[in-house]
Amino acid sequence: MTANIVGCSCQSGAPLQLDNLVENLPNTNVSPPSDSPKAEGDKETNWYLPYMNAITEGKQVEEKKSPVALFYCAGASNVGQSTVTGCVETANILGYNRVALLCLASISAGLKNMMNGAKNARGIVAVDGCPMSCAKRTLEKAELKVDQHLIVSKDLDVPKNFRLSDSSSIKQVTNAVVQAVLSID
């Protein structure tokens, strides 16, 4: 087998050795996902998207109280990446019966189930890493009303950099997003 070597776009000149990369990653102590099924609509199951798929397809469904829709940027900086982790943590804390993590790219792609999910949500929270406000602008372009908007670098005074896993920023974002959802809920 030949060595798998690629050049780096940073122009440092040092080639990257890809062989055995996965085996050399530090142990993250992440548990494998549970195979046990969850009850539909419980705190741990993201039931909202299958529910909206059924509605979009014209199927009969038992009406449920819609959660607050949560859209976030996934920018390539600490503030952008903290929106992803902070929003996931928010869903874990409040539960999927109160918060629906919805795909921002699906909105710009015009996917019906995601648009219906956003339109039928109790409210919409947009979380952006920086003042470019890509999440909020995408939602507004699709004529969706944003009820709460959070800009991590501005509202939480988190300086933008490229260290992608800053745990203190993630905690700040999580706390702020929980409060934004609770203000609607």
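The structure this text deals with has already been given above.
These lines cover the structure that appears in this document, whether it is placed above or below. (Residues numbered from 1 in each chain as written. Predicted model: local features only at pLDDT ≥ 70, side-chain atom pairs only at ≥ 80, totals over all residues. Heavy atoms only, no water.)

## Quick notes on the nonpolar core
Line of reasoning, step 1. Core analysis: the largest hydrophobic core is formed by 22 residues, its most contacted members being Leu 70, Val 127 and Val 177.
Line of reasoning, step 2. At the level of elements, strand S3 (68-72), helix H2 (78-94), strand S4 (99-101), strand S5 (124-128) and helix H7 (167-184) are the ones that each hand at least two residues to this core.
Line of reasoning, step 3. Here this core gets six residues from one element, more than from any other, and that element is H7.
Line of reasoning, step 4. Beyond its immediate sequence surroundings of up to four residues, Leu 70 is in contact with Cys 87, Thr 90, Val 99, Ala 100, Leu 101, Leu 102, Val 125, Val 127 and Val 177.
Line of reasoning, step 5. Counting residues in each nonpolar core, the second largest holds 20 residues, with Leu 102, Leu 104, Leu 139 and Leu 144 among its members. (Core = buried A, V, L, I, M, F, W, Y, C linked by side-chain atoms within 4.5 Å. Buried < 20%, exposed > 50% of the residue type's maximum accessible area, 1.4 Å probe, protein only. Helix = DSSP H or I, 4+ residues; strand = E, 2+ residues; numbered from the N terminus. Contact = heavy atoms within 4.5 Å.)

## A closer look at the sheet that holds S4
Line of reasoning, step 1. Across the sheet, four strands lie side by side as S4-S3-S5-S6; this open sheet has parallel pairing. Edge strands, defined here as strands with exactly one partner in the open sheet, are S4 and strand S6 (148-151). Taking each pair of neighbouring strands and ignoring which way they run, the sheet shows an average axis angle of 20 degrees.
Line of reasoning, step 2. Two elements, S5 and S6, share four bridges in a ladder whose sense is parallel. Opposite Val 127, over in S6, you have Leu 150 as the bridge partner.
Line of reasoning, step 3. Along the sheet, helix H5 (residues 134-141) makes contact with S3, S5 and S6, crossing S5 at roughly 140 degrees. (Pairing = 2+ DSSP bridges. Axes fitted to C-alpha atoms, helices over the stretch in contact; angles between N-to-C directions.)

## Remarks on the pattern of salt bridges
Line of reasoning, step 1. Scanning the model with the defined rule gives three salt bridges in all.
Line of reasoning, step 2. Of the charged contacts, one joins Glu 140 and Lys 136 as a salt bridge, the two residues approaching to 3.6 Å between their closest N and O atoms. Within this pair, Glu 140 and its partner Lys 136 are both found in helix H5, separated by four residues, close to a single helical turn.
Line of reasoning, step 3. Taking the relative accessible area as the measure of exposure, Lys 136 reaches 26% and is therefore partly exposed. (Salt bridge = Lys/Arg side-chain N within 4 Å of Asp/Glu carboxyl O.)

## Quick notes on the packing of aromatic side chains
Line of reasoning, step 1. Counted under the stated rule, the structure contains three aromatic pairs.
Line of reasoning, step 2. Between the aromatic rings of Trp 47 and Tyr 51, the centroid separation amounts to 5.3 Å while the plane-to-plane angle is 70 degrees, which identifies the pairing as edge-to-face.
Line of reasoning, step 3. A relative accessible area of 4% means that Trp 47 is categorised as buried.
Line of reasoning, step 4. The exposure class of Tyr 51 is buried, given its relative accessible area of 6%.
Line of reasoning, step 5. One aromatic cluster in this structure is built from Trp 47, Tyr 48 and Tyr 51. (Phe/Tyr/Trp six-rings, centres within 6.5 Å; stacked < 30°, edge-to-face > 60°.)

## Focus: the pairing of S3
Line of reasoning, step 1. Along S3, five of the five residues are buried, which leaves the element largely enclosed by surrounding structure.
Line of reasoning, step 2. Two strands pair when backbone bridges link them, and S3 and S4 are joined in this way by three bridges, in the parallel orientation. Along S4, the bridge assignment pairs Val 68 with Val 99.
Line of reasoning, step 3. Note that S3 and S5 share four bridges and pair parallel. By the bridge assignment for S5, Leu 70 is matched with Val 125.

## Quick word on the side chain of Ser 66
Line of reasoning, step 1. By the secondary structure assignment, Ser 66 is in the loop between helix H1 (48-56) and S3.
Line of reasoning, step 2. Exposure remark for Ser 66: the relative accessible area of 11% places this residue in the buried category.
Line of reasoning, step 3. At 3.0 Å, the side chain of Ser 66 and the backbone oxygen of Asn 120 are in polar contact.
Line of reasoning, step 4. Once residues within four sequence positions are removed from consideration, Ser 66 is found in contact with Tyr 48, Asn 120, Ala 121 and Arg 122. (Polar contact = N/O pair within 3.5 Å; in protein donor to acceptor, adjacent residues only side chain to side chain.)

## Examining the packing of H2 against H7
Between two packed helices, what matters for the description is the angle formed by their axes and the separation of those axes.
Line of reasoning, step 1. The interhelical angle for the contact between H2 and H7, taken along N-to-C directions, is 55 degrees, at an axis separation of 8 Å. Judged by the angle between their axes, H2 and H7 are oblique. In this structure, the crossing between H2 and H7 has a hand that is right-handed. Of the residues in H7, those touching H2 at Ser 82, Thr 83, Thr 85, Gly 86, Cys 87, Glu 89, Thr 90, Ile 93 and Leu 94 are Ile 170, Val 173, Thr 174, Val 177, Val 178, Val 181 and Leu 182.
Line of reasoning, step 2. In terms of residue class, the contact of H2 with H7 is built from nine nonpolar, six polar and one charged. (Parallel < 35°, antiparallel > 145°, perpendicular 65-115°, else oblique. Left-handed = near helix turned anticlockwise from the far one by under 90°. Nonpolar A, V, L, I, M, F, W, Y, C, P; charged D, E, K, R; others polar.)

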